[in-house]
Amino acid sequence: MNEPRTIWTIGHWTCPIPDFLEPLDEHGVEVIVDVRAHPGSRRNPQFGSDALAEWLPEDGIEYRRIPELGGRRRRQDVDPAVNAAWQNQSFKNYADYTLTEEFRSGLDELTSIARSHRVAIMCGEPMPWRCHRLIIANTLVAQGWTVEHLVTGGAPRTHVLGQWGAKPSVDADGRVTYPDLPAD
């Protein structure tokens with residue numbers, strides 16, 4: 001029997017390091033994969049990539065960064081109708097970006113790591129429905145992964161495909177798009 005394939009997500013926001021580590025330790029996370037476009041924080045320098053690479057290993061957690069999964073993407077050369085259901089331009093841009101080879105390469109790297117380690121993807125935004133992690137989570141769930149969102153001070157939230165934001169459409173290859181479909 002295959003073990004369940006699970007990837008966690010977490011946002012650091014302004015929480016103190018012990019609060020950030022608590023849910024990671026509770027779920028045995030071994031690797032943090034940073035998916036921020038700009039892996040620094042002036043307000044919370046302890047969450048800059050150099051700092052994370054120093055203090056996470058002290059807790060037994062490896063730090064990696066996959067820039068190909070970073071947010072804040074520009075408009076892509078994609079038919080505007082493909083992801084037209086997104087009202088927020090930055091989410092639409094990222095949804096368009098998920099159709100690129102660069103994104104697929106980053107996702108392949110992430111899932112390769114997650115096949116042999118307990119992985120959490122990390123961004124700055126604490127609420128997954130306000131972060132590009134939700135689009136990454138939709139893609140992972142469409143490909144058969146379980147995604148658990150870790151929220152500091154709360155129980156993990158199992159990601160349900162399309163629970164937040166635009167309604168997704170999944171093709172036979174597991175590709176997720178967000179066309180502006182008529183209501184059911």
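The model shown is predicted, which means the values in this text are computed figures rather than measured ones.

Draft legend 1. Representation of the packing of aromatic side chains within the structure. The final tally for this structure, using the stated rule, is 9 aromatic pairs. Where Phe20 meets Phe47, the ring centres are 5.1 Å apart and the plane angle is 70°; that geometry is what we call edge-to-face. On the criterion of sequence distance, the pair formed by Phe20 in helix 1 (residues 17-26) and Phe47 in the loop between strand 2 (31-34) and helix 2 (49-58) is long-range, its members being 27 residues apart. With relative accessibility at 0%, the residue Phe47 sits in the buried group.

Draft legend 2. Structural context of the sheet that holds strand 1 (residues 6-11). A sheet is described by the order of its strands in space; here 6 strands give the open sequence 3-2-4-1-5-6, paired in mixed fashion. Because the sheet does not close on itself, it has two edges, and the strands there are strand 3 (62-65) and strand 6 (157-158). With 5 bridges connecting them, strand 1 and strand 5 (residues 146-150) associate as parallel partners. Bridge pairing in strand 5 links Ile7 to Val147. In this fold helix 4 (residues 101-114) packs onto strand 1, strand 2, strand 3 and strand 4 (119-123), with an angle of close to 140° to the strand it touches most, strand 4.

The rules behind the values
Residues numbered from 1 in each chain as written. Predicted model: local features only at pLDDT ≥ 70, side-chain atom pairs only at ≥ 80, totals over all residues. Heavy atoms only, no water. Phe/Tyr/Trp six-rings, centres within 6.5 Å; stacked < 30°, edge-to-face > 60°. Helix = DSSP H or I, 4+ residues; strand = E, 2+ residues; numbered from the N terminus. Buried < 20%, exposed > 50% of the residue type's maximum accessible area, 1.4 Å probe, protein only. Pairing = 2+ DSSP bridges. Contact = heavy atoms within 4.5 Å. Axes fitted to C-alpha atoms, helices over the stretch in contact; angles between N-to-C directions.

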